Number of protein chains: 2
Amino acid sequence: MLLCAPMPKLDFWYEFASTYSYLSAMRVEDLAREAGVEVRWRPFLLGPLLKRQGWTTSPFVEQKEKGRYMIRDMERICEARDLAFQMPEPFPQNGLYAARAALIGEDEGWAGRFSRLVFTEQFTGAMQLDDKTALGTCLTAIGLDGDALLARAEDAEIKQRLRTQTGDAQALGLFGAPTFLTEDNEMFWGDDRLEQAIAWAINK
Amino acid sequence: MLLCAPMPKLDFWYEFASTYSYLSAMRVEDLAREAGVEVRWRPFLLGPLLKRQGWTTSPFVEQKEKGRYMIRDMERICEARDLAFQMPEPFPQNGLYAARAALIGEDEGWAGRFSRLVFTEQFTGAMQLDDKTALGTCLTAIGLDGDALLARAEDAEIKQRLRTQTGDAQALGLFGAPTFLTEDNEMFWGDDRLEQAIAWAINK
């Protein structure tokens, strides 16, 4: 007899402009697959959440020492993981268009592939995150119709969905990215907590 | 022939009121010993550094969602490490007197023992951090003359040393606690980075 239990799910909430979201985006799928966990990609905009916390830009910009440290921390981790890394200029970039496109990918199952490529391009200095032509090139590179999808990403429905998704993030108590949420609403914040989040998703 | 190289050193900068400093204080000595690294205990006051970043209290108080998450994160980690944990009331507590006493311990070699006991008492709800009687009891419990040390901790020289040490933390670019600094000034922030800091101390 086969016991077919549904795979445990893990929501991966990420912001395209976020350096630590880049780290998690590049490994979440592999780690989850090994553990038998299904990843749900949940792009959202961190800006509105930071604004409600009283920030007008990234904490890494407002707190210079923390910002300097973050770059060094990213350099060390990326070197250890054999990932390229270059700080985007300016930082943070604008993730609005990328997040809208990724929302379509969330429905159609290509959010992970698209997001990894956009993160890689952004954090190797190959593209500005809000460059629609470059985003279209990323979509085309993974075998999709870039022009058609970019047009769809401008539909009022998609715009509203991103607002709703960002509102959901707020309602769930998110305050940063990446954040992992298990099905029983256990929250794990930061790339450092990814292994712990997957272990929780399996054991509960 | 014996090669007697000096042990690599790791500076452990901590604030008594900080929850994540508690986590590191309880394990830094053991991890460092196993790796052949010498720990230098560096108590300082985080408040003045936060104030320069524009905070008037702990970020965990100013950012409610982050504060709520931190408590849950601490609960999970302490459970996994078999450490007791109870949030102090009020939070953050005032670490001034504990830090002054620990500075004397820095010279005399008992800063670690004293700090671990004070952290444990504070984070199990057994003492208010600014309770001098309770601090004296901690000193006595590790075999020292509590009354005499508490009196010395009020000397102008010790008061000035804590101001200097906190100024040093600022000058070194610290922005939070715990922070680990290797001899070649590589900075690692947060209990999550302790293993990485020790590895760096050994290999550089």
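For the structure, see preceding data.
In this text the structure is predicted, and so the values were computed from the model without any measurement.

**Section: the sheet that holds strand 4 (residues 187–189) of chain B**
All names here are of chain B. The strand order across the open sheet built from four strands is 2-1-3-4, with neighbouring strands paired in mixed fashion. This sheet does not close on itself; its edge strands, each paired only once, are strand 2 (38–43) and strand 4. Across the sheet, the mean angle separating the axes of adjacent strands is 20° when strand polarity is ignored. Summarising the sheet, strand 1 (residues 9–14) and strand 3 (residues 179–182) pair through four bridges and their orientation is antiparallel. The residue bridging W13 from the neighbouring strand is T179, located in strand 3. The strands that helix 6 (residues 96–108) touches are strand 1 and strand 2; relative to strand 2, the one it contacts most, it runs at about 150°.

**What about the sheet that holds strand 2 (residues 38–43) of chain A?**
Residue and element names in this part refer to chain A. Spatially, four strands are ordered 2-1-3-4 in an open sheet, and the strand pairing comes out mixed. The open sheet terminates on both sides in strands that have one partner only, identified here as strand 2 and strand 4 (187–189). Between one strand axis and the next, the sheet turns through 20° on average, direction left out of account. In the packing of helix 2 (residues 28–35) onto the sheet, contacts are made with strand 1 (9–14), strand 2 and strand 3 (179–182), and the angle to strand 2 comes to roughly 155°.

**Focus on the interface of chain B and chain A**
On the chain A side, the residues contacting the 22 residues of chain B number 22 residues. Both sides together, the interface formed by chain B and chain A hides about 2,100 Å², and carbon and sulfur atoms give 48% of it. It is B:Y69, B:R76 and B:R193 in chain B that bury the most area against chain A; as a group they hold 27% of the surface buried on that side. Applying the counting criterion to the chain B and chain A interface returns eight salt bridges. A salt bridge links B:R193 to A:D192; the nearest nitrogen and oxygen atoms lie 2.5 Å apart. For the pair chain B and chain A, the interface holds 12 residue pairs in polar contact (both at pLDDT 80 or more). Among the secondary structure elements, those contributing two or more residues to the side of chain B that touches chain A are helix 5 (64–80), strand 4 and helix 11 (194–203) of chain B.

**A few points about the environment of B:Q86**
Among the structural elements, B:Q86 can be located in the loop between helix 5 and helix 6. The residues touching B:Q86, leaving out its near neighbours within four places in the chain, are B:Q122, B:F123, B:T124 and B:G125.

**A closer look at the packing of helix 6 of chain B against helix 10 (residues 156–171) of chain B**
All names here are of chain B. The interhelical angle for the contact between helix 6 and helix 10, taken along N-to-C directions, is 95°, at an axis separation of 10 Å. It follows from the interaxial angle that helix 6 and helix 10 lie roughly perpendicular. In this structure, helix 6 contributes L96, A99, R100, L103, I104, E106 and D107 to the contact, and helix 10 contributes I158, K159, R161, L162 and Q165. Here the residues of the contact of helix 6 with helix 10 are counted per class, giving six nonpolar, one polar and five charged.

**Topic: the layout of surface pockets**
In this structure, the second largest pocket occupies an estimated 720 Å³ of space. Those elements that provide at least two residues to the lining of the second largest pocket are helix 5 (64–80) and helix 11 (194–203) of chain A together with helix 5 and helix 11 of chain B. Considering only residue class, the lining of the second largest pocket consists of eight nonpolar, four polar and 19 charged.

Analysis parameters
Residues numbered from 1 in each chain as written. Chains lettered and ligands numbered in written order. Predicted model: local features only at pLDDT ≥ 70, side-chain atom pairs only at ≥ 80, totals over all residues. Heavy atoms only, no water. Pairing = 2+ DSSP bridges. Helix = DSSP H or I, 4+ residues; strand = E, 2+ residues; numbered from the N terminus. Axes fitted to C-alpha atoms, helices over the stretch in contact; angles between N-to-C directions. Contact = heavy atoms within 4.5 Å. Buried area = accessible area lost by both parts, 1.4 Å probe. Salt bridge = Lys/Arg side-chain N within 4 Å of Asp/Glu carboxyl O. Polar contact = N/O pair within 3.5 Å; in protein donor to acceptor, adjacent residues only side chain to side chain. Parallel < 35°, antiparallel > 145°, perpendicular 65-115°, else oblique. Nonpolar A, V, L, I, M, F, W, Y, C, P; charged D, E, K, R; others polar. 1 Å grid on protein atoms, 1.4 Å probe; cavity = no way out; pocket = protein on both sides within 12 Å on 5 of 7 lines; lining within 4 Å. Points joined across faces, edges and corners; volume = space filled by probe spheres on them.

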